[in-house]
Every structure is written in structure tokens, then in C-alpha cells.
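# Observations on chain architecture
This is what each chain is made of:
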Amino acid sequence: MRDMTGWTIEALHDDHAQALRETSVLYDSKTDHQRLRVFENGLFGRVLTLDDVVQVTERDNFIYHEMLTHVPILAHGAAKRVLIVGGGDGGMAREALRHDGVAHVTMVEIDAGVVEFCKTYLPAISDGAFDDPRLELVIDDGAAFMRRDGPGYDVIIVDSTDPIGPGEVLFTDTFYGHAKRRLNPGGILVTQNGVPFMQGAELTGTMRAFKALFSDATCYLATVPTYAGGPMAFGWGTDGTARDMPLAVLEARFAEAGIETGYYTPEVHEAAFALPGYVKRLMP
Ligand code: AG3
């Protein structure tokens, strides 16, 4: 068997692990909330792990961030106010702010340490987003923020960790209920919902809550190499009709936005909502 010294082993699941070789370790420490590491990998570039679970890599983060921003923003068509819950690395803000029509992005991150640290060690992920005057960074517990009254949002993006540790409350019915209350009419809630082949119960739980809350509740998929085990699911909840957007409308909006993407295309947007049987069966 190969010597695995100098590799990071992510053991998020009971019967499966993924290993990434560390060419060099740039940082290894504990913040107030979690263990934080950054290392360099030949294939993925810099990799950030929180409690040994891969959160973001330089090379494949575009897939995740594009799909959680451009899908709801372009489906909505007139999103001006976007809320990001989590997202401390700044990748989600980076993609949301590519839309000129987005006038304001609030980002609520629980861990100030993650933000500071990512600015220093992973500047390519935020790519200037933290300097954009349209971004308001709030260091607070996302669940507490959502409980409070405040201005509404057209798109709310939950960019959480997995439902273990500090991210757990972001998967509760109560949290989703509060999020819905903060949506403007026609607003869309999208969430990180794990890899359904590995974390099926997590998707089922969120979808049950979404079905009780929204007239349109489903999930859509994208494959992110370092979120191992097949495609990842993103929850989608709205009382509007944005999911029925004809391809031609998405194409026109995408062209108008003038955004360069590595993964998102209007065709991928439409196709992402086609669910394989094993995922459909996880839907309550
Ligand atoms: N947050 C999602 C990490 C989920 C990893 N889970 C997994 N492999 N099942 C990413 C934060 C990027 N902004």
C-alpha cells in the first residue's frame, strides 16, 4: 500500500474517505470555532479545510460558486439584494457581485477568523470582492441574523459547511422558516445540501422543510470534484415562478450580464434541475 504520509485524509463519511496530497502546508491552526488548514495540492492548487473537511480549492471552486449564484440570480432576472449566509472565503460574494444589477450583497459569516485568513492565504477566491463597496460583511451567527427583522432579499444563498459543528443550525426547519420571511416577493432561497449519494438524509430533511414552506421546492445538481461521491445537491425554494424560465430568456439574461463563467451556461442551468432516480427518491 502506498505511503500516505504528507496527505490530508478527509473522513467526512463513515465508509469513504478522500485523500489529497499536500505539496506544502501553508497554515494550520484553530480559530475560535474550528480547525483551519491551507495546503497546496498539485491538482487543485490551494485547498482550505475546516475541521479536515475540504471547503474550497482554487481550481474547482468556480463550479460550486457559479451554480449557487448565477442560477438563482439569472432565474430571478431582477435581483438587487443578495444575502449570503456563510461564505467566509469570499467566493460566493465574488460571483454574486459579477452581476451589475446586484446593488447590495450582505454576507453573514460566523467566523471572523475565516474571512481574515482567506484574504491573506486565498486571495484568488474572493478576487477583490471584499473591497467592493456593494458588499456588507456582518460577523454574526447566521441563524441569529435570520431570526431578526430586517430588510428583504431577492436571493438568499446558504453557503454552509456540512451539518456537523457550527453549520448544523443552518439545516433546521426553523432556520429555513426565518429565511423565507426575509425573502422579497418572488425571492429565491438556495442552499448547499451535500452530496446526495453520501448524505441522502440531509437532502431529504431540507426538502421536507422546503416543501412545507414554498410552492416551488426542489433541488438541482452540479459535480464538484473535491466534494466527492457524485453530484452535489443545492436546495431551491421559492413562491415565485423563476424555475419555469424559458431557455431563451436565460440566454438573453446571461448575454446581457456579460459574465464569463467556467461551468455555468444557460443549458447547464436548465439541465441541473433534471434529477436522477436515486435523487428523486430522496425527495419527500
Ligand atoms: N461549503 C460547502 C462544503 C461542503 C463540503 N461537503 C461535502 N464534501 N459533502 C463550501 C464553502 C465554499 N464557499
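The structure we're discussing is the one just above.
Now for a description of the structure that goes with this document. (Residues numbered from 1 in each chain as written. Predicted model: local features only at pLDDT ≥ 70, side-chain atom pairs only at ≥ 80, totals over all residues. Heavy atoms only, no water.)

## Comments concerning the site of the ligand
- The full set close to the ligand counts 13 residues, and His65, Asp89, Asp159, Ser160 and Asp162 are the nearest of them.
- At 3.3 Å, a side-chain N or O of Tyr64 approaches a nitrogen atom of the ligand.
- Take Asp162: an N or O atom from its side chain is 2.9 Å from a nitrogen atom of the ligand.
- Burial of the ligand by the protein amounts to 98% of the accessible area it has alone, namely 400 Å².
- Those elements that provide at least two residues to the shell around the ligand are strand E6 (53–57) and helix H1 (61–76).
- Each residue belonging to the shell around the ligand can be placed in one class, and the counts come to 5 nonpolar, 5 polar and 3 charged.
- Both domains that meet at the shell around the ligand, namely domain 1 (7–57) and domain 2 (61–280), each give it at least three residues. (Near = heavy atom within 4 Å. Polar contact = N/O pair within 3.5 Å; in protein donor to acceptor, adjacent residues only side chain to side chain. Areas by Shrake-Rupley, 256 points an atom, 1.4 Å probe, with all protein chains shown as cover. Helix = DSSP H or I, 4+ residues; strand = E, 2+ residues; numbered from the N terminus. Nonpolar A, V, L, I, M, F, W, Y, C, P; charged D, E, K, R; others polar. Domains from an automatic or database assignment.)

## Things to note about the sheet that holds strand E10 (residues 153–159)
- Strand order in the open sheet made by the 7 strands is E9-E8-E7-E10-E11-E13-E12, with mixed pairing throughout. Strands with a single pairing partner mark the edges of an open sheet, and in this sheet they are strand E9 (135–139) and strand E12 (216–222). Strand-to-strand twist of the sheet, defined as the mean angle between neighbouring strand axes without regard to direction, takes the value 15 degrees.
- As paired elements, strand E11 (residues 183–192) and strand E13 (residues 232–238) share 5 bridges and run antiparallel to each other. Following the sheet pairing, Gln192 is matched in E13 by Phe234.
- Across the sheet, helix H6 (residues 173–181) lies against strand E7 (81–86), E10 and E11, angled at about 145 degrees from E11, the strand it touches most. (Pairing = 2+ DSSP bridges. Axes fitted to C-alpha atoms, helices over the stretch in contact; angles between N-to-C directions. Contact = heavy atoms within 4.5 Å.)

## Some remarks on the layout of surface pockets
- Each pocket or cavity is described by its volume, and for the largest pocket that value is around 240 Å³.
- Leu74, Gly77, His99, Gly101 and Ala257 are the residues nearest the centre of the largest pocket, which is lined by 13 residues in total.
- When residues of the lining of the largest pocket are traced back to their parent elements, those giving at least two are H1 and helix H8 (247–257).
- The element best represented in the lining of the largest pocket is H8, accounting for 3 residues.
- Looking at the lining of the largest pocket residue by residue, the classes come out as 6 nonpolar, 3 polar and 4 charged. (1 Å grid on protein atoms, 1.4 Å probe; cavity = no way out; pocket = protein on both sides within 12 Å on 5 of 7 lines; lining within 4 Å. Points joined across faces, edges and corners; volume = space filled by probe spheres on them.)

## A few points about the pattern of salt bridges
- The full count for this structure, using the stated rule, is 13 salt bridges.
- One salt bridge connects Glu95 with Arg98, and the closest N-O pair in it is separated by 3.1 Å.
- Assessed through its relative accessible area of 2%, Glu95 is described here as buried.
- Looking at Arg98, the relative accessible area reads 31%, which means it is partly exposed.
- As a salt-bridge pair, Arg148 and Asp140 come within 2.5 Å of each other at their nearest N and O atoms. (Salt bridge = Lys/Arg side-chain N within 4 Å of Asp/Glu carboxyl O. Buried < 20%, exposed > 50% of the residue type's maximum accessible area, 1.4 Å probe, protein only.)

Keep in mind these numbers describe shape, not what the thing actually does.
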